[in-house]
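Listed here are the chains, written in short residue letters.
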Amino acid sequence: MLTKFETKSARVKGISFHAKRPWVLASLHNGVIQLWDYRMCTLLEKFDEHDGPVRGICFHIQQPLFVSGGDDYKIKVWNYKQRRCLFTLLGHLDYIRTTSFHHEYPWILSASDDQTIRIWNWQSRQCISVLTGHNHYVMCAQFHPTEDLLVSASLDQSVRVWDFSGLRKKSVAPGPSGLAEHLRNPQATDLFGQVMADAVVKHVLEGHDRGVNWASFHPTLPLIVSAADDRQVKLWRMNDAKAWEVDTCRGHYNNVSCALFHARHELILSNSEDKSIRVWDMTKRTCLHTFRREHERYWVLSSHPTLNLFAAGHDAGMILFKLQRERPAYALHNNMLFYIKDRQLRKLDMSTNRDAPVMQIKGGGRHQPYSMSLNHAEWCVLVSWRAGDSSSYELYAAPRDGAEPAAPPEPLRGHAASAVWVARNRFAALERNNQLVIKNLKNEVSKKIATPTCEEIMYAGTGMLLLREPDAVQLLDVQQKRTVASVKVSKCRYAIWNADMSLVALLGKHTVTICTKKLEQLCSITEGARVKSGAFDDSTPQPVFIYTTANHIKYCCKDGDYGIIRTLDVPVYAVKVIANETGARVVCLDREARPKVLNIDPTEYRFKLALVTRQYDQVLHMVRTAKLVGQSIIAYLQEKGYPEVALHFVKDARTRLSLALQCGNIEVALEAAKSLDEPDAWDQLAQAALATGNHQIVEMCYQRTKNFDKLSFLYLITGNLDKLRKMMKIAEIRKDVSSQFQGALLLGDVTERIRLLKNAGQLSLAYLTAINHKQLEEAEQLKAALEAANLPVPEANPDAVFLMPPIPVQKAQPNWPLLAVSKSFFEVAGAARAAGEAGVSGVAAAATDEPLEAGGAWGDDDELQGDAEEPEEVMEDACDDGGWDVGDEDLELPEELAPVQPDIDGGEESAEYFVAPTRGQGAALGAKLRTAHDYVATGQFEIACRLLNEQVGIVQFAPYADTFLSMFARARLQFGALPLVAPLVAHLHRNWKEASGRDLLPVLTVKLNDLVAQLQQCYQLTTSGKFTEAIERLQRLVRVVPLLQLETKQELAEAMQLLAICRDYLLGLQMETARKAMPKNTLDEQKRTCEMAAYFTHCKLQPVHQILTLRTALNMFFKLKNFRTAASFARRLLELGPRPEVAQQARKILQACEKTPTDEHQLLYDEHNPFNICGLSYKPIYRGKPEEKCSLCGASFMPEHKGKLCPVCGVAEIGKDVLGLRICPLQFQR
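Starting afresh in each chain, residues are numbered from 1 along the sequence in its written order. Given that the model is predicted, a residue must reach a pLDDT of at least 70 before its local features are reported, and side-chain atom pairs must reach 80 or more before they are shown or counted; all residues, however, enter totals for whole chains, interfaces and linings. Heavy atoms throughout the structure, all of them, feed into the side-chain values; hydrogens and water do not.

## Some points on the UniProt feature "repeat: WD" (unreviewed entry) in the chain
UniProt positions are given in the numbering used here, feature names are shortened, and annotations may be inferred rather than shown by experiment. Using the residue numbers shown here, the UniProt feature "repeat: WD" (unreviewed entry) corresponds to residues 47–88, 89–130, 131–165, 205–246 and 249–290. Note that residues 131–165 is 3% helix and 57% strand, and that its end C-alpha atoms are spaced 13 Å apart. In this text, helices come from DSSP runs of H or I with a minimum length of four residues, and strands from runs of E with a minimum of two, each type numbered from the N-terminal end.

## A word on helix 25 (residues 1103–1120)
When the terminal C-alpha atoms of helix 25 are compared, their 25 Å separation across 18 residues agrees well with the 26 Å that a helix rising 1.5 Å per residue should span. Each residue is placed in one exposure class: buried if its accessible area under a 1.4 Å probe, protein chains only, is under 20% of its type's maximum, exposed if it is over 50%, and partly exposed if it falls in between. For helix 25, the tally of buried residues reaches 16 of 18 residues, placing the bulk of the element in the interior. One or two residues past the end of helix 25 sits Lys-1121, with phi positive at roughly 70°. Multiplying one less than the number of residues by 1.5 Å gives the expected span of a helix.

## Notes on the environment of Gly-166
One can find Gly-166 in helix 1 (residues 165–171). A sequence separation of 33 residues divides Gly-166 from Ala-199, and the C-alpha atoms of the two residues are 6.2 Å apart.

## Remarks on helix 27 (residues 1140–1155)
A rise of 1.5 Å per residue sets the reference length of helix 27, with its 16 residues, at 22 Å; its end C-alpha atoms lie 23 Å apart and thus fit the reference within 8%. Among all positions in helix 27, only Val-1142, Ala-1143, Gln-1145, Ala-1146, Ile-1149, Leu-1150 and Cys-1153 are buried. Relative to the axis of helix 27, the buried residues are bounded by an arc of 160° and lie together on one face. Opposite the buried face of helix 27, by more than 90 degrees, sit the exposed residues Pro-1140, Gln-1151 and Lys-1155. In this analysis, two residues are considered to be in contact whenever any of their non-hydrogen atoms come within 4.5 Å of each other. Elements in contact with the buried residues of helix 27: helix 25 and helix 26 (1123–1135). Note: the arc covers the axis-to-C-beta directions of the helix.

## What about the sheet that holds strand 43 (residues 473–477)?
Spatially, 41-42-43-44 is the arrangement adopted by the four strands of the open sheet, whose pairing is antiparallel. Every interior strand has two partners, whereas the edge strands, strand 41 (456–459) and strand 44 (482–487), have only one. The sheet shows a mean angle of 30° between the axes of neighbouring strands, direction not considered. At least two DSSP bridges between two strands are needed for those strands to be called paired. Here strand 42 (residues 464–468) pairs with strand 43 via five bridges, running antiparallel. Opposite Arg-468, over in strand 43, you have Val-473 as the bridge partner. Here an axis means a line fitted to C-alpha atoms, over the contact stretch when the element is a helix, while the angle between two N-to-C directions is reported on a 0 to 180 degree scale.

## Some points on the packing of aromatic side chains
Ring pairs are drawn from Phe, Tyr and Trp, using the six-membered ring of Trp, whenever the two centres fall within 6.5 Å, and their geometry is named by plane angle: stacked under 30 degrees, edge-to-face over 60, tilted for the rest. For the structure shown, the criterion picks out 32 aromatic pairs. With a centroid separation of 6.3 Å and 50° between ring planes, the pair formed by Phe-957 and Tyr-960 is classed as tilted. Ring geometry for Phe-1129 and Tyr-1165: centres 6.1 Å apart, planes at 25°, overall stacked. Here Phe-1129, found in helix 26, pairs with Tyr-1165, found in the loop between helix 27 and strand 58 (1171–1173); they are 36 residues apart in sequence, far enough to count as distant. Of the residues examined, Phe-1129 reaches a relative accessible area of 0% and is grouped as buried. What links up through ring pairs into an aromatic cluster is the set Trp-23, Phe-47, Phe-59, Phe-66, Trp-78 and Tyr-80. Only Lys NZ and Arg CZ are tested; either one counts as a charge over a ring when it is within 6 Å of the ring centre and within 35 degrees of the ring normal. The cationic tip of Arg-386 hangs over the ring face of Tyr-370; the distance from NZ or CZ to the ring centre is 3.9 Å. Positioned over the ring face of Phe-708 is Arg-734, at 3.7 Å from the centre of the ring.

## With respect to a nonpolar patch on the surface
Here, patches come from residues exposed beyond 30% relative accessible area and free of salt bridges, joined within 9 Å for like charges and within 5 Å for nonpolar side chains (Val, Leu, Ile, Met, Phe, Trp, Tyr). The protein chains shown are the only cover counted for residues, whose accessible areas, like all others here, come from Shrake-Rupley with a 1.4 Å probe. Here a salt bridge means any side-chain nitrogen of Lys or Arg lying within 4 Å of a carboxyl oxygen belonging to Asp or Glu. On the surface, Leu-973, Phe-975 and Leu-984 cluster together into a nonpolar patch covering about 240 Å² of accessible area. For Phe-975, a relative accessible area of 38% puts it in the partly exposed group.

## Thoughts on the side chain of Ser-373
Residue placement: Ser-373 occurs in strand 33 (residues 371–375). Classification of Ser-373 by relative accessible area gives buried; the value is 12%. Setting aside residues no more than four positions away along its own chain, Ser-373 makes contact with Cys-380, Val-381, Leu-382, Ala-419, Val-420 and Trp-421.

## Here's the deal with the packing of helix 10 (residues 695–705) against helix 11 (residues 708–717)
Two numbers describe how helix 10 lies on helix 11: the axes approach to 9 Å, and their chain directions differ by 155°. In this view, helix 10 runs roughly antiparallel relative to helix 11, as classed from their interaxial angle. Relative to helix 11, the crossing made by helix 10 is left-handed. Taken together, the residues of helix 11 that come into contact with helix 10 (itself represented by His-695, Val-698, Glu-699, Tyr-702 and Gln-703) are Lys-710, Leu-711, Leu-714 and Tyr-715. Side-chain classes are defined by residue name, with Ala, Val, Leu, Ile, Met, Phe, Trp, Tyr, Cys and Pro counting as nonpolar, Asp, Glu, Lys and Arg as charged, and the others, Gly among them, as polar. Per-class residue counts for the contact of helix 10 with helix 11 are five nonpolar, two polar and two charged. Small angles under 35 degrees read as roughly parallel and large ones over 145 as roughly antiparallel, with 65 to 115 read as roughly perpendicular and the rest as oblique. A crossing counts as left-handed when the near helix is turned anticlockwise from the far one by less than a right angle, and as right-handed when that turn is clockwise.

## Here's the deal with the pattern of salt bridges
For the coordinates displayed, the defined rule picks out 45 salt bridges. Lys-723 is paired through a salt bridge with Glu-699; the nearest N and O atoms lie 2.9 Å apart. Residue Lys-723 is located in helix 12 (residues 721–734), and its partner Glu-699 is located in helix 10; the two are separated by 24 residues in the primary sequence. Owing to a relative accessible area of 14%, Lys-723 belongs among the buried residues under this scheme.

In structure tokens, the structure reads:
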């Protein structure tokens, strides 16, 4: 008897198994009905509506119903999905003993102490028949599995068999004539003219000496078994004419409560109030097994309709058990599976799925073999048997491959708990006295090893054995007779090795432990359900253990990661995993020893393995192609530190925001926050952006949440005084006097503070503020006001100190520079994929589509007669303050204070002190420097200026002052040496690992990537129409390019491309700004503005900006009635693929222009003749005409402008003869 599940409860009086699900119902003596999941060993539900004991219980075979009957005379029908009682059937007058559903008809059968049996229709909820005839309590009634019969047992000492075919014909009318015959002749009569009864007694079985407690049919044979208070179990046979007693099983010594047939074997099971369950041989009528409990009497017995599973109810609960083990015996060699089925050794070729018999297996009696072990070298098989306390083995010599299966010779036998091969011609057997013996092929003992605590032996390779002890597994070297290794695993049942014997999985009842071949534990997993079997998948970089439980196929990696692969309807035993690139198959044996192949999806564990083994190319491939979804994968990636990979799976904006903040991906977090647009999301993003110094994102977040206080403080700490003034104006609009006063305080605006205090009625404070800050005129007025109001005039403090905020070191700081860290594999791959799709370089990459709205300086000329279009507003983005516009959009920064020069000479008093001699030249100044960057970084500004003049013709160095000082500051660090001593200065070097002394070069202070990021911001400013600010930033970019220090030819090409992009944007934006400032009163002035708008369309801008220039020119030329040129602009605009509404407008204009394809006015513009635009006069210089170039930015000019300052870059001389840009060591090798 193998106990599978046990419950503790009140006395169990009724049990019913569900046909499909692993559920069992138990009705208790206290009136409760329990629904248990016996695989997971959990109580699913309780049903408590009966008053008193519930004796009858039964699941419906198909519907989600069960029926119960109790001592309250009620039959209740329940729906377990709805978890409620559907209805109650009333009619019995005494306790109800059993209730059951018919397997086909909508009927319920009930037996009661009122001496009747009733049949109910649960669909119409009516009693359709009452069977009377017993003259004592009816203890049991059951339908026949296939025929129109039912059997009942009563305390009147009889068993009755009833035929209810009449009821069937009257109620449901199946059969050849069916319902039609019944309708024609509703009162059918029998041979003697009597109306056919609903049910008639077919047989009365009398033979028990006392009341009969139970009777049941055999599933297939015409047999009945009955159990009675006379302590006997009787077997009856019947035919159509009569029924008779076959034999009696005696052995119980108290009332027999229940008896039933085994569905698959010739066995009878019975239980009794003598606290025992007995198993009887039907053929010999002898007791085979007795299973006894100490204190609990048994009351009911039930069998599963399809599985080899039984349940018995006793005084203290219920027990589920099997009579014998169902695990098939099998062994594996390469692609061949050997297994025993129906006393036959068979082999399955797993590569071809060819199954063939090998030989007959003889011993074991009625029992199945426990296990087998294969010796593929000598082609011998060890088969172990276990029956109760006795165990034995048989040694067979199997026929070779190709030989016909013949009757095998008599096997060699021996008594041992288990037998396993340990060498080519040796096997080990564990005898009952816990002694391990090594035998040869002739079954002769060659060696003995004492193993006092060993309970089981398992295969561990040639010359090695695994010994299972109660709380450990030991690795035994058979030759040396000593334990090599040990691992603590309690009650290990099976050991499964991978292909190269490097890993072993030790399976317990509920545990999986994976160890190395030296029994070093790698991981251990505890399961809720029973672990059945397993096999290794060796196709992965690290072997993965695929194992089966009672209801799942699962996987376990050696690092402890595990998960579910698929569910199982019935338990199977995994033998081998066959995997390929696309999927995997698990070869299994079911409980009938039938081979099965189950397809599984290995993607999840391959994905986890690829992450663990850092095979990121496979990870990326699986992310893009496999269907990996679910919160478990996302949680796993978060736990393992791969939130950037988890971002690939997530579509939910809230989860994307959380993951993006974890991996520091501010751009993705910004997208998620925009889609959520919730205050909490903006707050989270602001905190993350503030930690990385991304002020612009922080600014936008505070703007979205209208967090004015934090926004003011942000402007203060970043030195953005202009926007701080704007915040003060916003506070005034909001009528927030406190914030307005705080802003004035932070700005040092004394006049505003006096005004606010005066308006608030605080004349005394206003007077003190004025007099202390020497605002004498204002102070006099306030003093007069105080005297007029008869208020005391406070006295000024002669020691008062001006309350002025410190001047910011750097005004309007940009985002903090971040460390140059290498991107992760996923970021690089994602960027490469995006770049491949967009087809643009990293420097020139901008928005690939036209923005939804373009504002600022764009769209001023869009209005058309007859089809007016409202000017569009700019989308708010990270660099845009349009949402806070209070009238002063183009800000002019205040002049910076001139730095105070230190008094080097010491003034007049210098002679009174000792003056130390000047130091010699430092190592940083004496290094072999070549580029302007290195000279600036080491503080040699004069040499740097001379180089810039010679190389790119820079003549205006005033704009470089801040840049030079910033670069010089970044190349040095200060550190404290001794107390009370000024800090020491050290120079940072970029080649400190490879060089020393004069070969050391200063650290890079300007990086190309930073300039590319700034160019992206300039794109955004251009899109939003902030041309003035965009021009300032673009000029700053152009000026910094000669100060770069690059290493590769690719970086040099990108820098030159950056310079060309900035030149085109500067020229176009300056020309557009000048055009907007021009008067448009006369026709000539209008023609000139149209010419400049046309020239703007020939600047090489990004498509998103090119669309805007073409729209402007198109509208202007259409208004000027130059329809032919306007049509050309419309075609160019449509080729760029604008938004649908813009394209529709362009097509309308094009259609109107094509009706009259002429130009009314002659302009200085020929679109078919290539030209450059003069950066001063904004006139075309056609190809072949003389022109001069700016030596830095490369802008074109008329020859008469040679020698002037280039207005495009603002620092270089036009037409100056120079050496050329030198920012890369490769340029010095020419």
